[in-house]
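# Breakdown of the fold
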Amino acid sequence: GSGINGLQPLESTIPDTERFKDAANLKLNCPNCSATFDFGGIVASNYYSMSYNGLQCKKCEHLFAPLQINSQLERSIRSHISLYYAGWLQCDDPTCGNVTRQISVFGKRCLNDGCTGVMRYRYSDKKLYNQLLYFDSLFNCEKNKNCELKPLYHTGDRDFPQEKLNESSIKALTEQNRNLFESNRSVVQKYLSDCARRYVDMGSIFDFMQQR
Ligand SMILES: [Zn+2]
Ligand SMILES: [Zn+2]
């Protein structure tokens, strides 16, 4: 489909659980004890907690300075963007699996002898856009307050949190951390607006390739 039409399903009312099913988690590293954990917003976790004074590592009780979250978030965004820019194409025929950075003069056709597969971007513009929307959601105060975030864990997971957070403390903690969340959100927004523009541009490149 075209870029603009392809954008619409993302903006519809698909719940985040479904929409961000394939998005990578945001990994944070404690600058004090080096523990690495997935950050999923103001949710229960065995590894971190949101306190009234910010994000706290459960292992060593270190309180993250706002910049320590900001810079790790930005680093993670940049690593996703560079994966995208690497521009690897992969053949969609699972028995072939040809991976290349070359776009053949024959458009999207796989160049392996006798293969009828189609080359597709391994890390697509849509995937990157969705990934950034996921990071954005983590710091969205409304979504946090309404408990609409994609859960990090499922019942039966080894890391499934022992304690639960109740709704009223989530609401209070969100308000208390509003400035912190908004500053992180602005980091994501900086890249998101760029990406949305490129997403639409990429759509027209695909249309061009499909026209032959
Ligand atoms: Zn720590
Ligand atoms: Zn192939």
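Residues numbered from 1 in each chain as written. Chains lettered and ligands numbered in written order. Predicted model: local features only at pLDDT ≥ 70, side-chain atom pairs only at ≥ 80, totals over all residues. Heavy atoms only, no water.

Let us now look at unusual backbone geometry. At Ser 34, a residue that is not glycine, the phi angle is positive and equals roughly 70 degrees. With respect to the element layout, Ser 34 can be found in the loop between strand S1 (26-29) and strand S2 (36-39). With phi around 50 degrees, Cys 147 is a residue other than glycine that occupies positive phi space. Structurally, Cys 147 can be placed in the loop between helix H5 (141-145) and helix H6 (167-176). (Helix = DSSP H or I, 4+ residues; strand = E, 2+ residues; numbered from the N terminus.)

Model confidence for the chain is summarised by a mean pLDDT of 85, while 84% of its residues fall at 70 or above. Mean pLDDT across the elements of the chain ranges from a minimum in helix H1 (residues 3-11), with 48, to a maximum in strand S4 (residues 54-57), with 98. The low-confidence segment residues 1-7 (pLDDT under 50) makes eleven contacts with residues lying over four places distant or belonging to another chain. Counting interchain partners and residues more than four positions distant, the pLDDT-below-50 stretch residues 208-212 has six contacts. (pLDDT = per-residue confidence, 0-100. Contact = heavy atoms within 4.5 Å.)

Moving on, we get to the coordination of the zinc ion (ligand 2). The protein atoms that coordinate the zinc ion (ligand 2) are Cys 91 (SG), Cys 96 (SG), Cys 110 (SG) and Cys 115 (SG), at distances of 2.3 to 2.4 Å. Classification of the site at the zinc ion (ligand 2) as tetrahedral follows from its four donor atoms and the range of 106 to 112 degrees in their angles at the metal. Ordering the donors of the zinc ion (ligand 2) by residue number gives the pattern C-x4-C-x13-C-x4-C. Linking Cys 91 in strand S5 (residues 89-91) with Cys 115 in the loop between strand S6 (99-100) and strand S7 (119-121), this pair joins segments that are 24 residues apart in sequence. (Donors = N, O, S within 2.8 Å, 3.2 Å for Na, K, Ca; no water. Tetrahedral: all angles 85-135°; square planar, octahedral: opposite > 155°, others 65-115°.)

Looking now at the packing of helix H3 (residues 66-86) against helix H4 (residues 125-138). It is at 10 Å that the axes of H3 and H4 come closest, and there the two elements cross at 170 degrees. By the angle class used here, H3 and H4 are roughly antiparallel. Touching Leu 73, Ser 76, Ile 77, His 80, Ile 81 and Tyr 84 of H3 are Asp 125, Leu 128, Gln 131, Leu 132 and Phe 135, all from H4. Within the contact of H3 with H4, the residues separate by chemical class into seven nonpolar, three polar and one charged. (Axes fitted to C-alpha atoms, helices over the stretch in contact; angles between N-to-C directions. Parallel < 35°, antiparallel > 145°, perpendicular 65-115°, else oblique. Nonpolar A, V, L, I, M, F, W, Y, C, P; charged D, E, K, R; others polar.)

Okay, the sheet that holds S5 next. What the three strands build is an open sheet, ordered S6-S5-S7; its pairing is antiparallel. With partners counted over all chains shown, the strands left at the sheet margins are S6 and S7, one partner each. With two bridges joining them, S5 and S6 adopt antiparallel strand pairing. Across the sheet, the residue bridging to Leu 89 is Thr 100, located in S6. (Pairing = 2+ DSSP bridges.)

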